[in-house]
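Examining the three-dimensional arrangement
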Amino acid sequence: MMVPGRPATMRVITCRVQEHNNDVAIARLHPLPPEQMNFEDTRHILEDFLHVHLGIPTLTIQPCPHGQAYVRFSHLFHRDQLIQSGPYQFGNGHISFIPHNRA
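Residues numbered from 1 in each chain as written. Predicted model: local features only at pLDDT ≥ 70, side-chain atom pairs only at ≥ 80, totals over all residues. Heavy atoms only, no water.

**Quick look at the nonpolar core**
Buried together is how nonpolar side chains tend to be arranged in soluble globular proteins. Ranked by internal contacts, the top residues of the largest apolar core, which has 17 residues, are Leu46, Val71, Phe73 and Phe97. For this core, the elements supplying multiple residues, two or more each, are strand E1 (24-30), helix H1 (39-54), strand E3 (69-73), strand E4 (88-90) and strand E5 (93-99). Per-element tally for this core: the top contributor is H1, with 4 residues. (Core = buried A, V, L, I, M, F, W, Y, C linked by side-chain atoms within 4.5 Å. Buried < 20%, exposed > 50% of the residue type's maximum accessible area, 1.4 Å probe, protein only. Helix = DSSP H or I, 4+ residues; strand = E, 2+ residues; numbered from the N terminus.)

Encoded structure:
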């Protein structure tokens, strides 16, 4: 409706903006060995912990500059459960997970 003396305005209604990578968490191993660790060793530790011990499927495990690895989960609730319930005792140390955007 045009109102005399007022500039024309428009309202647009859109859906909520989808966030990207909601299914990704950053895995951190504590304590790290004093020598440099090969990423394949890190990947095997995380696969053993997630797949064998917890039965949680993952899509990818990739190197991460903010922790030891980016882990992409096949279900968002697995990622959220690991973040909220950690850190987890594993071997001589523990493993913790944080959201990808909280590094």
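**Concerning the pattern of salt bridges**
For the structure shown, the criterion picks out 3 salt bridges. Taking the shortest distance from any N to any O, the salt bridge between arginine 72 and aspartate 23 comes out at 2.7 Å. With arginine 72 in strand E3 and aspartate 23 in the segment before E1, this pair connects stretches of sequence that are 49 residues apart. A relative accessible area of 27% means that arginine 72 is categorised as partly exposed. Between arginine 79 and aspartate 80 there is a salt bridge, and its shortest N-O distance comes to 3.0 Å. (Salt bridge = Lys/Arg side-chain N within 4 Å of Asp/Glu carboxyl O.)

**A word on the environment of glycine 55**
Looking at the element boundaries, glycine 55 is found in the loop between H1 and strand E2 (58-63). Put simply, glycine 55 and asparagine 92 are 37 residues apart on the chain and 21 Å apart in space, counted from C-alpha to C-alpha.

**Section: the sheet that holds E4**
Where strands meet in a sheet, backbone hydrogen bonds hold them as pairs that are either parallel or antiparallel. Across the sheet, which stays open at both edges, the 5 strands sit in the order E2-E3-E1-E5-E4 with antiparallel pairing between neighbours. The open sheet has two edge strands, E2 and E4, and neither has a second partner. Within this sheet the neighbouring strands show an average axis-to-axis angle of 30°, counted without direction. Relative to E3, E2 is paired through 5 bridges, and the arrangement is antiparallel. Directly across from proline 63, in E3, lies its bridge partner alanine 69. Running over the sheet, H1 touches E1, E2, E3, E4 and E5 and is turned about 155° from E2. Here helix H2 (residues 76-85) sits on the sheet in contact with E1, E3, E4 and E5, set at roughly 125° to E5. (Pairing = 2+ DSSP bridges. Axes fitted to C-alpha atoms, helices over the stretch in contact; angles between N-to-C directions. Contact = heavy atoms within 4.5 Å.)

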